[in-house]
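# Structural overview for review
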Amino acid sequence: MKAQIILFAIIAMMRLSNGTVYVGGDFSSYIASNGSRIFVSAIGELLTSDILQLGDGVDLQKQVSAISYLPQAPRCDRNCSSTQACLVTCVPGSDPALFIGGSFTIANGAEMYRISRITNGSMLETDKGVSNTVYSVQAHETSGIVYYGGAFLDATGVPVGSVTSWDGKNWDQMGGGVSFPSTCDASGTQPEIAIVYSILLLGGGGCIAFSCSPEQRPKVFVGGRFELAGEGKNMVKARNIAMWDPAAANGEGRWSSLCDSNPPNRCDIDGVSYRGTSAQAASPVYVFSLAYHAASNMLYVGGLFQSAGQRYANINSLAAFSLTSKSWSIVGGGIAGPSPVVHALYISPGSQDLYVAGSFSAVGKQNSDVLSAGLNAGNIAVFSLTSGSWNTLNGGIPDADIRTVAVDGQTVYCGGKKLYTNQQSGVIGIYKGDWSLIRTVNPSLFPSSPLLRPRLG
């Protein structure tokens, strides 16, 4: 009997330098080859034919949506007494740690509010967690500071704006984070809660945890769904993507939009948005993924949008922003398909290849390019950052909703919901010159909880 995984979706993947692959998402168990049901709740290590659970996982009907890793995580100890404030010390660590975030409130049988650190076989709390779902986790390898993004406004009692970091001692408010405009109508309607789906860290280092000065902390790029960044007089317009510079303003930190209004760029939408007039303002816009290519100093942006930089710039769901020239551009002619969306971008360390995954049927063209055939692509493809050409990975997985990607040399892993190819079905795809799907899904056993990211059709 073939092992059968009872899964709803794989939402997060993390591949380590030693080849280990961790997966997170919405799943609760699998049926092993001997017919026994094995409990695995939302987080595990991907083996050849199994998922090895980490601890007791998280509470049922909850999800792990983000995973990050430190090969040598700092060790921070808090010593408190009744007569004085707590003393926190952080020293370089030698043990690896996995950091996870999601919608859970219990991990390994203990209360942990939406974030946890897994090390030496234990799942540990981070202070008292955050107030709502976490969608992105990024650990800064050289300092050990961990950054969290999501839909939360509180981090263990500290007011934040959907993004924060934990340095072993303090939660960083990061200048108020990101938000939507407040409404002032008589109905008392509350503004939409901003969501951060992706975090990318650039630079920083030479320090450990809370001892890091603002100049030693990384610049933080965030993507999601929001219109503003910062607060008070330092608030800026930033449509769905923004950058936090902790060293700006003499170490106070400042947010900025990815926009240059001067010629020749003439940016007029402060990020990515819908295309055209205000009548299209109800069009959903999201940034789901970010990737950085050091050799070209280029930031790649994936999501669901119709323009980048300029309101009438026809750039659909995949764009590049030059951190040198401050200009936006299309990537390799773009992507096409019914409501094309990019959920995952990945550039391997030292690689010149950009992996693009989501929901699309062609690359090298956009829907408006009626005279261009492009290349048929089944929801995943690779763009060469040197030659500018596309590789469709043997046609990809034509019937799929791919949410995450990990790469190990010539092996490509992808996870998502409802992957179908070669009369196989599953939620994890593996490419080694050809595609195979593992973890066969039994639709009648899907849990009822929704995907963490919005349903896009």
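Residues numbered from 1 in each chain as written. Predicted model: local features only at pLDDT ≥ 70, side-chain atom pairs only at ≥ 80, totals over all residues. Heavy atoms only, no water.

### A word on the overall build of the protein chain
When its secondary structure is counted, the protein chain shows 1 helix and 43 strands. Per-residue burial over the protein chain gives 54% buried out of 457 residues. Counting contacts in the protein chain only where the partners sit at least 6 residues apart, residues at least 24 apart contribute 50% of the total. Looking at the protein chain as shown, the accessible area adds up to about 19000 Å², and 49% of this sits on carbon and sulfur atoms. (Helix = DSSP H or I, 4+ residues; strand = E, 2+ residues; numbered from the N terminus. Buried < 20%, exposed > 50% of the residue type's maximum accessible area, 1.4 Å probe, protein only. Contact = heavy atoms within 4.5 Å. Areas by Shrake-Rupley, 256 points an atom, 1.4 Å probe, with all protein chains shown as cover.)

### Looking at the sheet that holds strand β29 (residues 298-304)
Pairing is antiparallel across the open sheet formed by 4 strands, whose spatial order is β28-β29-β31-β32. Edge positions in the sheet fall to β28 (286-293) and β32 (328-330), since each has one partner strand and no second. Within this sheet the neighbouring strands show an average axis-to-axis angle of 30°, counted without direction. The pairing of strand β31 (residues 318-322) with β32 spans 3 bridges and is antiparallel. Its bridge partner being in β32, Ala-319 is matched across the sheet by Ile-330. (Pairing = 2+ DSSP bridges. Axes fitted to C-alpha atoms, helices over the stretch in contact; angles between N-to-C directions.)

### Let's talk about the state of the cysteines
The bond known as a disulfide is covalent and runs between the sulfur atoms of two cysteines. Per the stated rule, a full pass over the model turns up 3 disulfides. Paired through a disulfide, Cys-76 and Cys-90 show a sulfur-sulfur distance of 1.9 Å. Residues Cys-76 and Cys-90 are joined through a disulfide that is right-handed, its torsion about the S-S bond being 110°. On the criterion of sequence distance, the pair formed by Cys-76 in strand β7 (residues 75-79) and Cys-90 in strand β8 (residues 87-91) is long-range, its members being 14 residues apart. Given a relative accessible area of 17%, Cys-90 falls into the buried group. (Disulfide = S-S within 2.5 Å.)

### Topic: the packing of aromatic side chains
Counted under the stated rule, the structure contains 11 aromatic pairs. When the centroid spacing of 4.9 Å and the interplanar angle of 45° are considered together, the rings of Trp-166 and Trp-171 count as tilted. Look at Trp-171 and you get buried, because its relative accessible area is 8%. When the centroid spacing of 5.1 Å and the interplanar angle of 50° are considered together, the rings of Phe-383 and Trp-390 count as tilted. Pair check on accessibility: Phe-383 and Trp-390 agree, each one buried. Taken together through their ring pairs, the aromatic side chains of Tyr-135, Tyr-197, Tyr-286 and Phe-288 make up a single cluster. Here the basic side chain of Lys-169 rests over the ring of Phe-210, its NZ or CZ set 5.0 Å away from the ring centre. For the cation-ring pair, Arg-225 lies above Tyr-286, with the distance from its terminal atom to the ring centre recorded as 5.4 Å. (Phe/Tyr/Trp six-rings, centres within 6.5 Å; stacked < 30°, edge-to-face > 60°. Lys NZ or Arg CZ within 6 Å of the ring centre and 35° of its normal.)

### Notes on the pattern of salt bridges
Taken as a whole and assessed by the stated rule, the structure comprises 6 salt bridges. Among the ionic pairs, Asp-167 bridges to Arg-217, the shortest N-O distance being 3.0 Å. One end of the pair, Asp-167, is in the loop between β18 (163-166) and β19 (171-172); the other, Arg-217, is in the loop between β21 (195-202) and β22 (219-225), and 50 residues separate them in sequence. Between Asp-401 and Arg-403 there is a salt bridge, with the nearest N and O atoms lying 3.0 Å from each other. With respect to class, Asp-401 is no different from Arg-403; both count as buried. (Salt bridge = Lys/Arg side-chain N within 4 Å of Asp/Glu carboxyl O.)

### Some words on the sheet that holds strand β33 (residues 335-336)
Paired through backbone hydrogen bonds, the strands of a sheet run either parallel or antiparallel to each other. With antiparallel pairing, 3 strands are arranged side by side in an open sheet as β33-β36-β37. The open sheet has two edge strands with one neighbour each: β33 and β37 (375-376). Where β33 and strand β36 (residues 362-363) come together, 2 bridges link them in antiparallel fashion. When the bridges of β36 are listed, Ile-335 appears paired with Val-363.

### Regarding the pairing of β21
With respect to burial, β21 is a largely interior element, 7 of its 8 residues being buried. As judged from the 7 bridges shared by β21 and β22, these two strands associate in the antiparallel manner. The residue of β22 that forms the bridge with Leu-202 is Lys-219.

### Overview of the side chain of Asp-270
Its place among the elements puts Asp-270 in the loop between β26 (254-257) and β27 (272-273). For the buried residue Asp-270, which engages in no salt bridge, the nearest side chain bearing the opposite charge is Arg-239, 5.4 Å off. Every residue in contact with Asp-270, bar those within four places of it in the chain, is listed here: Lys-237, Ala-238, Arg-239, Ile-241, Ser-257, Leu-258 and Cys-259. (Lys, Arg positive; Asp, Glu negative; His and termini not counted.)

### Let's talk about the environment of Val-382
Along the polypeptide, Val-382 turns up in strand β38 (residues 380-384). Each C-alpha atom, one on Val-382 and one on Asp-353, is 6.3 Å from the other, the two residues being 29 residues apart in sequence. With near-sequence residues (within four places) excluded, Val-382 lies in contact with Asp-353, Leu-354, Tyr-355, Ser-389, Trp-390, Asn-391 and Leu-393.

### A word on the layout of surface pockets
Counted as a void, the second largest pocket has a volume near 580 Å³. Lining the second largest pocket are 25 residues, and of these Pro-74, Arg-75, Cys-76, Arg-117 and Trp-166 sit closest to its centre. Sorting the residues of the lining of the second largest pocket by element identifies β7, β12 (115-119) and β15 (146-150) as the ones contributing at least two each. For the lining of the second largest pocket, the residue count by class is 10 nonpolar, 7 polar and 8 charged. (1 Å grid on protein atoms, 1.4 Å probe; cavity = no way out; pocket = protein on both sides within 12 Å on 5 of 7 lines; lining within 4 Å. Points joined across faces, edges and corners; volume = space filled by probe spheres on them. Nonpolar A, V, L, I, M, F, W, Y, C, P; charged D, E, K, R; others polar.)

### Here we look at the environment of Glu-45
Examined against the element boundaries, Glu-45 turns out to sit in strand β4 (residues 43-46). Linking Glu-45 and Tyr-22, residues 23 residues apart in sequence, is a C-alpha distance of 4.4 Å. Sequence-distant contacts of Glu-45, defined by excluding residues within four places in its chain, comprise Thr-20, Val-21, Tyr-22, Asp-50, Ile-51, Leu-52 and Leu-54.

### A closer look at the side chain of His-140
For His-140, the position within the fold is in the loop between β14 (134-139) and β15. The class for His-140 is buried, based on a relative accessible area of 7%. Within the local environment of His-140, its side chain forms a polar contact with the backbone oxygen of Gly-203, the two atoms lying 2.8 Å apart. Leaving out residues up to four positions away in the same chain, His-140 has contacts with Leu-70, Ile-145, Tyr-147, Leu-201, Gly-203, Gly-204, Gly-205 and Pro-218. (Polar contact = N/O pair within 3.5 Å; in protein donor to acceptor, adjacent residues only side chain to side chain.)

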